[in-house]
Structure formats: structure tokens, C-alpha cells
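# Residue-level structure breakdown
For reference, the chains in residue letters:
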Amino acid sequence: MKRGGAVPALRLTVACLLSVAPLSADTHLLVVAGVGGEEAYTGRFHLWSTRVVDAAVAAGLPPENVVYLGEREDLDPERISARSTGENVLAEIAALADRSSPGDDVWIVLFGHGSGAAGPPRFNLPGRDLVADEYAAALEQLADRRVVFINASSASGGFLGPLSQEGRIVITATKSGGQSNESLFGGYLAEAFDGAAGDANKDGQTSALEAFTFAQREIERYYRQNGLLRTENALLDDDGDGLGSSEPAGVEASETVDGRLASLVYLGQEARPSTLTAEARELTDRRAGIQRRIDELRLQRETLDEEVYLSELQELMVELALVDRELEEAAVADGEPDP
Amino acid sequence: MRRGALIGTAASALALAAVWAVGAWPAEAQEAAALEEIESMLRTGRYEAVISRLEAPSGGLTAAEPRALRLLVEALIATGRYNEAVAAFEGVDAAETGLGVLRGRVALLAGDRAGARQAFESARVARGGDALVASFELARLAWDEGAIGEATTGFYAMIDAYNRGVADTAEELVAVAHACQLLGRDDPELFKDALRAYDEAVALDPSWPVPRIRLGELFLEKYDSSQARTSIADVLRSNPRHPEALLAMARTMRFDGDPRAVETLDAALEVNPNLIAARVFRARLRLASERFGEAREEVEKAVQADPESLTARTVLAAVEFLEGRDEEFARLRDGILADSPRYADLFNELADASVENRLYPQARDFAAEAVRLDPKSWRGYGLLGLNQLRLGDIEAGKANLERAFAGDPYNVWIKNTLDLVDTFVQYRTIESEHFEFQIHDSEAELLAPYMVELAEEAWAVLVERYRFEPPAPIRVEVYPSHADFSVRTVGLAGLGALGVCFGPVLALDSPSARQVGHFNWGSTLWHELAHTFTLLVTDAKIPRWLTEGLSVFEERRARPGWGDDVQIPFVTSLRDGELLGIAELNDGFMRPKFPNQIGLSYYQASLICDWIEENYGFDAILVMLAGYREGKSTEEVFQEAMALSLSSFDERFFGYLRERFGTAMAALGDAPGPGGEAAEDEGGSGEGGPSRAPRRNLFAGQAPDLSALEKAARENPDDFRIQMTYGNALFAEERYAEAEAPLLRGRDLFPEFVGPGNAYTLLAEIYRELERDEEAIEALDRLLQHNETAWDQHLALADLLAAAGRSEEEAAILERTLYISPFDADVHRRLAESASAGGRFDIAVRERAALVSLDPADRADALYRLALAERDAGRPERARRTVLRALEVAPGYDPAQELLLDLVGKRPAGSGRQPEAEGP
């Protein structure tokens, strides 16, 4: 095995073994590019959309689970399933409800312009716009699915309240309908999924939380670096309170804090390994145990003496590293091909 | 007033008496109409016409005699003819005619306090129309004499009168308002009542200017210059010659840093040369400009006019103090306190004057004296607190500011400063050998290593050069919000400066406070630290021009490109003889006559330092500093250091400038001077140094006529502007090969010009387009010898050097970009890689740590690479901790796991895997 190939192989193995929920469910993606108004925006929204579409397919989503509704079908007939009219968007959500099963993950991502300072919050589509309440009503058909709804448009903050629901992840590019300046959030969000940029914990997958955090951080950097006044503040809501958070916590957060659910949902679908050897199963169990102990230790960080904490952390990390190496060897022995 | 009495006794004194003594009397209606007209003349500032009309033999006014007398006296007061105003009352029973208060005020203006008291007392007893105001004036006299208890009783009587509804004229309401204003020190709520009463007075008599002026003064007292300006401007709209309004406006302008303050004050004194408050204010301005002799001259005129004036004598005491005449100072101080034992403003004024001359410890001590004398001197507590903060005594400063704010919650400066001090908990303290940095938590990790490194380097350089070591630590406050820096400096937002030095305390904008390319924090820090040395080595007796000049001079020696660069207005000012001689150079900083004169003065002062060093060696500068410390004048100091009189110096220095910039002067043709078009070429300026932000490209026009430009360029090969305009136009059209020649010509005509549209930037672009990289490198290198903020050009040069394989030079340029903005991750990454490749592992660690502090999206990888750099730098323990931090983020991150196993010696036997080598 070439050294360079070892890491992705291990990632795949470990991710397969640890990501229990995704393994038992399918993931579906609907990307909608709204009306650009100008050639530059049309091109930009299309580019962002294709990045997410391609990233999802690369991450294992079957192509039939990925639908892209674009402003102009002629821009990319291969990828764009249909025009992003309001009727088509609603029809596609209904189709998603038919196609998916309870327990599946459904991602809906909107790139475009929005408005919300006057009148109900809306996402601008060719023809009639859809307002937040219409999306909320359409999503009722997806009950029992884990829905990730991302509105990366300007003035999208108004979508948070109507769409927020327990068990649902809602991400908006702005904190209110009043933030109506051009939003760059979508671009960074697309970047987070496309490649490894957003994969903060290096587990080979990008969660909704990781993508949000990546985009949020890059937005902050962009405005700071260019000495500009920030005109967009993205929010994530996954505890159903409709308030959203600009700095959601992670997997260690309680369920009453935004971020926990989003940290567990990935835009991707792992290929199910056919079988696991007994040795690999044992290693996987050991690894999960170590990871649990690491998580527990991290929760105690504030109460532990720094040296004690580091010493215990080191012990666990060494243990984890050694198990990972054994897992890697087991994978090689099992004949898993180099990627 | 009885007509007979006037006729019988005042005929010899005033033509007015003669007017009333002769001729036929017009009917009452005609008289009233005439007086209305005169009143209107008075209220529109036609004072001479009023006087002339009322003094004219044919004027004949009878029925409205008291009114006529009042109008005449008011016109005489407005024009400063106080003695004539006194004479006008001769033989008149002022109290009985309701003019007792006016009589008293005239006496006061003429310096006759006893007469004033008598007049006010008579008016009060006479129970005429002005009795209530007379009571106020009596209380006011008591206040001035330090009889605070008696005065307070009198002021509360005014409030009582208001509440009983007997204060119902505009003048009475002004008296009530003024009483509330003075009582505000005991009960700040009364400031609101003062505003209300002034507003009512305005409503009652909208054309009477006094309440609007007093209202403006009250706003200014509370640092609300915007409202002050509005109120006073209302008066000046109808009467542009009202001396008190002009004075109030001058004060407001001075507060706002508006250079028109001086001309506005001059206008006030032109109307009324005996307006003592204006003389005192002018003297204060002279003091702030370090023109002590002129301040003395000015304030002596005021003292002569009113030998008992507390304000004038106070400023005179300040002059004596600042000139080091201790005995005279003590005599004046004691005299003032003998007359008014609780006159805390004596010390408050001394504290203010000390601040203006950068004597912060003395200012603190004077303010302490003020609050000792009067425990209700909220101004004193404010000054004490602010100066304690300036000297780094944060806790005591905060406590005194809180006292000041409790007593006067309407003082915006104090409030803003307290709000700022409350945010200090968000700042992290970073200590180094000679410094204590206060940097906001959000950027301390990133900025501190660079700031500490630069500050310590500057310390070593400056200690050696000035042969002096200031007491350490120096406190350096770094503000991520320019508004906070501004509050720290002047109490309000909006200061144009970048940094400020209080001696042992520096405050400056963080690079995050400014747009990238508008600010170089490194040169600013160096500049301010140089002030610390020059201020402390001279006990703050160094003139402003020299401390600023030396700071820029030191910047220039620190790094290529740092320090001011020459701008077109400097050369045109030199050409037009508008640069100030050494004797007036301070005015260029303190009393600029046009907006960019401050910037020109900084540059000029730095060139003076260059010139002295070049011709007499740096020791001459040390001799000058020693001389100033001993209290010597600039004349004496120049004589001692260089055996030059000031005029000889000017002659030689300007000769040098004309030679140095001779080609540029000739090449600028008829370019307008600093008051003209080129004024827009300058950035804003402020106390801590002029902004070096990019300016407008003067050579870029819309839709230029290229053929006409080509012809002009051909016919005027020595005209810089034409060559540059033609070059810029060709460049804009992407006719690069053709643009080269005029741009090269422009460069040669004015090689030091690096403003927008400069030849170097465009030539570099052209050479890059034409793949003449070496020439592009040379052009950018020459540009950056003079320009410290050109972010894009720094990066472009670094790219070209990288492409040319000149990695050490690339790294040097990238290092310089960090002083413009340390927030660019790519710069840090390149520096880290270059440092690792070159075996400069400490630099690699610094850069990798910077990348971590920039909160990268891929935090695990950033930490891992920092750990690698630490390992390479021989710090395995640090590396172990850092890699654990990486694994906290990404427990399964394989390279980090490898490094950890390697560092703790747990790599499985036989494992051929190694942690990655540090690199991209």
C-alpha cells in the first residue's frame, strides 16, 4: 500500500464502522438555484449548486437521490433536472416524500436571492416566488425524515421561525429578513462540502454542523480581511426553538442547545461493507469505547488540572492511534482496495 | 430715567445727551419705530451704526430714553467700548430706570467689581423690572469670589422664582437657567432644568441671541459640540458679528478640530478687541501651540482690561508655569486663591494646559489639587481620572472618573471613557521585558508575538540612539475598534489619528481597526514609542514639531518604506513659499491653516531631523533634546547645537529642500498649492500622526483625449503631471508598451512620488504583462522604498521574487506585509514554509502559531503543522501538547496520530510510517 493511500482507506473504514445512523438510512438531496437577475448571479448560483450536487455524489449519494432545479436548464442539461419554478420545487418536495422512507435524511439547499424586510420571507424563483410558510407546509410531507433545510439566500433569516421544528436542521445565511445585501454564505457552504475543506474532525465526511461552521468562519474572515462591515450573520437551528444560533455547539452539547443534531447528519452515504471480520468488529468496538472515553474526558476538561487532563488525553489518543493502525492493517488484510 | 437729569449732567460725556438736548422731539410713535429699527440694527450686528445713530445730533429720541440708552450701551459693550458705556450712565439712576443690571455688567466689564455689586444691589432694592436678574448677578458675584454657600442660596432663589411663575421674561429665564447650570454640580438633574429654561427663553424672545449662546456653551461644556454648533449657528445667521457668539463658535470649532476656529476667534476680537474671554481663549490657543510669549502678550491685555479677572490671571499663571518661572507662578496662584479660595478651575485650567503640553504627571497633580480645593469639582475628578489613565494608573483613574460621572452624568467624554474602561476585561495582558501590552482577547494570540518582537527591537534601537532608558514597563493598548482608540485619546469617536503617546502609555489602532492598505501598525508603534523616548528624555519640554519629526525620522530608519513620503502639496508648498519656518512650525500641527497642513508639517519636521543629522550628526539632536530639557528656547537650542540662528537655519534648510526637490518643483508646473486641487491628495490628519491611507489618483481622468495628451506630452517633456496623465491614460487603455515611456519620464521627474497612479505601480504591471519580471521587481522595490501601506504591491513583489527563486527576499517582503495586515493566512503559510525550508524553525513556529490563531477552518491540520514546527525547532514538549490539541479536534487524524506516537515513543515496532515533513 502506498503511504498516501492509507489515510483515506482508514477514514472510509472507520467512518463506515462508526456512522451507524447513516448506514441504516438513505440520503436525498434537492438543490434549488433561484433566479439570479443578472448573468453573474445566475452563474454564481449555478456554480454553487453544482459544487454541492457533485460533492453529494462523490460522497456516495446515488445519482437518483440527487435533484437539481436550476434557473435555466440550458446552463447544464446534464445536472439540472428541471427549471426551478415554484411549482417544480413543490412537486419535487412531494416526490421526495414518495421516494424517501422514514428515517432517511433529506437535504434541501436553496441558493439565490431572497427578501423579507417587507412582506413574508420569500426565496426568489423564476415566476412566482415561494414564501417560507409554503416551504414549511411542503415539508410536512417529510415527517419522520431527518430534514436539513438550508436557505443560503440573502434575507433568509425570516425562514428560521416558520421552518424550525424538533428533529429538523434549519440553516439560514442571515439572521433576519432585513439583511438583504448580497450574501456570500452559499459559496463558502458549497466549498465546505466540496473536498475536505469543511471536514474539521478529519473523519472523511462533512456534517451539517461542520459545513455551517466552516462557512461562518470564512464569512467572518472575508469581512475582516477586507475591512468591510459584516452584512450577513448565518444561523443554525436544530433544537426546534426557532431562535437559531450563530455559534452552535457540537456533539458534546445537550439536546437543548443548537448544534448537536447537525453534528450527526452528513451529506453523504457510505457504501455498506459486505462483512466485517471478527477481528475488525472487535477493534471497532474497542475504538468506539476509546472515543467515548475521550468524549467524556473532554467534558471534564474545565474541572481537571491541565496536566492531569493532558496526561489522560494523551493516553487515550495513543490508544486510539494504535487501534486505528490495527484497523488499517485489518482492512488491508481484508483486501480493501487502495482508493 | 428722567430726561432732565440726563440732559443736565451727561452733556459733556456723550453725544447721546446732546441728541436729547436739542431739536424738536418726534412723536412717540415715530420714536418707537426708530428704536425698533435701531434694535434691529443691534441684533444684526450693525453696532457702529447703532452708536452713530444714537449719538447723532439729529437723532432726537425721547419717550423711549431708557431703551435708547440700553441699545447704545449694548452696542458699546459689543464693540468693547466699556469706558464709554460707563460714561453713558453718568447722571442716570440706572436702578430706577430698570437698567441697574446693565449698569452692573458694564462695571464688571470695566473691571469695577465694587461698582458692579453696588449697581446690582441697587437694582435688587429698587424692585424694578430687572430686580430678579440683579439677584442672580449678586449670587454670581459671590460664586466667583468663592462664597459658594451664599451663591447657592441665591441660585435656588432663582429656581423658586421660576416655580412661582415670577421669572417670566427671557432675561429672567436665562438667569434661572444659568443658576441651574451652576447648581448642576450639586444636582446634575438641574442641567436638564437649565436646558429647559434656556429653551423657554428662546421661545419667549426668538431674536434675542443670549439664550442660544448660553445654550451652546452648555452643550459644549458637556462635549456635545454638534448641538452647540447648531445653537450658536442660529445666532450667527442673524448676526454674524456677535462677538460672544463668534467666541462660542470658535470654541466649538476648536473642540471639533476645525481650523477655522482661529479666524472665527479673530473675527470676535475684531468686533470687540476688549472681549476678555476671547483674549483668554486666544492665549490658551497660543499656549497649546507652545507659543508662550504670544500667550503672555495676549493674556496680559486681558489682565490689563480687568486686573481682577480670575480666568485671565489663571492663564497667566499657566504661562508662568509652562515657562518655568516658578516664583511668578506661585505669586499668581496665591493671589488668585486669596481672592477666590475655592476656585478649583485655577488648577483645572492648569491641568488642561499641562495636558496640551504633554505634561501628564503635572496635569494629574493639578487636578488632584483642584478636587482637594473643591470636592465637588467634577471637572477636576474627570481630569484627575483621565490623566491617571494616561499614566497607566487604571484603577485609580477609573475610580475618579466614576466620581466625576456621578457628579456630572452628562459629560460625554467621561461616560465614553468609563464605557471603554469597562471593556478592559476583554483585553489580555501580555508582558515582555520592557512592555505591558493590552490586546483584545480576540486577537491577542495573533498580534502579541509580532508586537512584542517589534517593540523590543525598537526599544533596543532607541535606547542606544538616545542614550536614555525610560522607566519600564511601557503600557501599550491596542484597540480593535477605532472608535475605542479615539475615545481613549480624545474622549469621543472620530479622531483621525492612528496612535497616541502619553509618555509611559501608548494607545494605537489594531490592524483590524482599519481597512487593509490604509495603515501600518508597525510604523505606528515605532512612531509612538519614539515619542516616549523624546518626551521622557526632555521632561516633555520638547516642541511638538521636534517630537513628531523625530518619530517619523525613527520610523524611516526602522524599515524600508516606513515614515511619511513626499506628496505633491509638499512640493507645491515649497515652491509657493508656504512651508512654515522653524519658528512657526508648531502652528502647522496645532493651528493648521488648511486641512493637510498637519501632514505637510510632519513630513517637513522629519526632513529637518534628517538634515540636522546629515549635517551635524545625531549628537546635535541629543544636544537639542538636552537643551529643551533645561528649558531653553528654540533659538538657544539651535545656537548651542548648530551655531545657527533660526533665520540662518531656515535659509539653509529651505535651500536644501529646493535643491532636493528642484526637479520635481519645476516638473509640477502650475500645479495648485495645498489649498487647491491637490488638497484632495492628502489623507486626514490627527494628533497621533497623519493618515497614510491611499489617496485619489490625480492622473486618472474619465475618457481622456489620447491624441491631445500625446501631443501635450510630446511638447511638455518636463511636465510631470502631463507625462503621468498620459501614461495613466495609455495604461488604462492597456497600451502597455506605449505607456512605458511617459511613465518612465514621470518617474524621473519626480522619483519620490509614490501616491496613487504612481509610475512604479503601473510600470510593474506593464513589465509583468510583458514578462519583464526583473524590471517589475525593480519598479516595485523602488515603490516600497517609500510606501509602507501598499498591500497589493507588497504581495505582487513577493510573488515575483518567489517566481524568480529569490526566496529570502520574498520572505523579507512578506515579513513587511505583516505590519500592514497580519490577518492573511496565505502570507503566514508562505512564511512558515519558507522558514522551514530555510531551517529558521523559530520563525516557522511563529508563523504556524499565527495560522492557528487565525481560527482556520482546518484547525486540526493547522495545529498539527504547528506541532511539526515545534518539534523541528527542538521543542518536543510543546509539540506534544500541540498535537494533542490537534487530536482533540480530530481524534482520528492520521498524521497527527503518527506525530503523537513518534513524540511519545509509542510508534509500533516495525512501522515504517513517519510523521510528515513540515511543508506545504
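As the structure is a computational prediction, the values presented were derived from the model and not from experiment. (Residues numbered from 1 in each chain as written. Chains lettered and ligands numbered in written order. Predicted model: local features only at pLDDT ≥ 70, side-chain atom pairs only at ≥ 80, totals over all residues. Heavy atoms only, no water.)

## Overview of the overall build of chain A
What chain A contains, in helices and strands, is 11 helices and 10 strands. Relative to its full complement of 339 residues, chain A shows a buried share of 54%. Sequence separation of at least 24 residues holds for 66% of the intrachain contacts in chain A that already meet a minimum separation of 6. Accessible surface, chain A: about 14400 Å² in total, of which carbon and sulfur atoms supply 51%. (Helix = DSSP H or I, 4+ residues; strand = E, 2+ residues; numbered from the N terminus. Buried < 20%, exposed > 50% of the residue type's maximum accessible area, 1.4 Å probe, protein only. Contact = heavy atoms within 4.5 Å. Areas by Shrake-Rupley, 256 points an atom, 1.4 Å probe, with all protein chains shown as cover.)

## Points about the pairing of strand β2 (residues 435-440) of chain B
Side-chain positions along a regular strand alternate between the two faces of the sheet. All names here are of chain B. Of all six residues making up β2, six are buried, and the element is well covered by its neighbours. The alternating pattern of β2 places F435, F437 and I439 and E436, Q438 and H440 on opposite faces, both of which are buried. As paired elements, strand β1 (residues 427-431) and β2 share five bridges and run antiparallel to each other. Note on β2: the bridge partner recorded for Y427 is H440. A loop of three residues connects β1 with β2, the two strands running antiparallel in sequence. Where β2 and strand β3 (residues 474-479) come together, five bridges link them in parallel fashion. Directly across from E436, in β3, lies its bridge partner R475. What joins β2 to β3 is helix α26 (residues 441-466), and the crossover it makes is left-handed. (Pairing = 2+ DSSP bridges. Right-handed = clockwise from strand over helix to strand, strands pointing away.)

## Regarding the state of the cysteines
In total, this model carries zero disulfides over all chains according to the counting rule given. In this structure C609 of chain B is not part of a disulfide, and its nearest cysteine sulfur, from C501 of chain B, lies 16 Å away. (Disulfide = S-S within 2.5 Å.)

## Some points on the packing of aromatic side chains
Where two aromatic rings form a pair, the distance of their centres and the angle of their planes describe that pair. Residues and elements named next belong to chain B. What the rule picks out here adds up to 48 aromatic pairs over all chains. Between W143 and F155 the ring centres are 5.5 Å apart and the planes differ by 50 degrees, which places this aromatic pair in the tilted class. Here W143, found in helix α9 (residues 131-144), pairs with F155, found in helix α10 (residues 148-163); they are 12 residues apart in sequence, far enough to count as distant. Of the two residues examined, W143 and F155, each falls in the buried class. (Phe/Tyr/Trp six-rings, centres within 6.5 Å; stacked < 30°, edge-to-face > 60°.)

## Comments concerning helix α7 (residues 185-193) of chain A
Residues and elements named next belong to chain A. For α7, a buried count of eight out of nine residues is recorded, marking the element as mostly surrounded by other parts of the structure. Restricting attention to buried positions, one finds in α7 the residues F185, G186, G187, Y188, L189, A190, A192 and F193. Considering only its buried residues, α7 is in contact with α3 (39-58), β4 (105-111), β8 (146-151), β9 (169-172) and α8 (208-225). Remark: G195 follows α7 within two positions and exhibits a positive phi of approximately 90 degrees.

## A word on the sheet that holds strand β7 (residues 130-131) of chain A
All names here are of chain A. With antiparallel pairing, the three strands of this open sheet are ordered in space as β5-β6-β7. The open sheet has two edge strands with one neighbour each: β5 (114-115) and β7. Examined bridge by bridge, β5 and strand β6 (residues 122-123) share two bridges and lie antiparallel to one another. The residue bridging G114 from the neighbouring strand is F123, located in β6.

## A closer look at the nonpolar core
Residue and element names in this part refer to chain B. By size, the foremost hydrophobic cluster in this structure holds 138 residues, and its most contacted members are W545, F638, F649, L657 and F720. Broken down by element, this core gets its largest block of residues, 14 residues, from α26. When near neighbours in sequence (up to four residues on either side) are disregarded, F649 contacts I582, I608, W611, I612, F638, M642 and L644. With 64 residues, the next largest nonpolar core counts A318, L350, I394 and Y427 among its residues. (Core = buried A, V, L, I, M, F, W, Y, C linked by side-chain atoms within 4.5 Å.)

## Looking at the interface of chain A and chain B
It is common to give the size of an interface as the accessible area lost on bringing the parts into contact. Listed as interface residues are 35 residues of chain A and, on the opposing side, 32 residues of chain B. Of the roughly 3000 Å² buried where chain A meets chain B, counting both sides, 52% is carbon and sulfur surface. Counting the surface chain A buries against chain B, the share from its top three residues, K202, Q225 and R325 of chain A, is 20%. Scanning the region where chain A abuts chain B turns up seven salt bridges. (Buried area = accessible area lost by both parts, 1.4 Å probe. Salt bridge = Lys/Arg side-chain N within 4 Å of Asp/Glu carboxyl O.)

## Some thoughts on the confidence of the model for chain A
Across chain A, the average pLDDT comes to 85, with 87% of residues at 70 or higher. The low-confidence segment residues 1-23 of chain A, where pLDDT is below 50, has 46 contacts with residues more than four positions distant or belonging to other chains. (pLDDT = per-residue confidence, 0-100.)

## Comments concerning the pattern of salt bridges
Pairing between side chains of opposite charge can happen when the charged atoms of each approach one another. All names here are of chain B. One pass over the structure, following the stated rule, counts 118 salt bridges over all chains. The partner of R379 in a salt bridge is D352, with the nearest N and O atoms 2.8 Å apart. Taken as a pair, R379 in helix α23 (residues 378-390) and D352 in helix α21 (residues 345-356) lie far apart in primary sequence, 27 residues in all. R379 sits in the partly exposed class, given a relative accessible area of 32%. Relative accessible area serves as the criterion here: at 22%, D352 is assigned to the partly exposed category. What you see here is one network of salt bridges that share partners, running through E36, E39, R43, R67, R70, E74 and D205.

## What to know about the sheet that holds strand β4 (residues 499-501) of chain B
All names here are of chain B. Taking strand neighbours across the sheet as the criterion, the five strands line up as β1-β2-β3-β5-β4 in an open arrangement whose pairing is mixed. Here the strands that pair on one side only, and so sit at the sheet edges, are β1 and β4. Taken pair by pair, the neighbouring strands of this sheet meet at an average axis angle of 15 degrees, ignoring direction. Note: β3 against strand β5 (residues 505-509), five bridges, orientation parallel. Each residue of the ladder has a partner; that of E477, found in β5, is A507. (Axes fitted to C-alpha atoms, helices over the stretch in contact; angles between N-to-C directions.)

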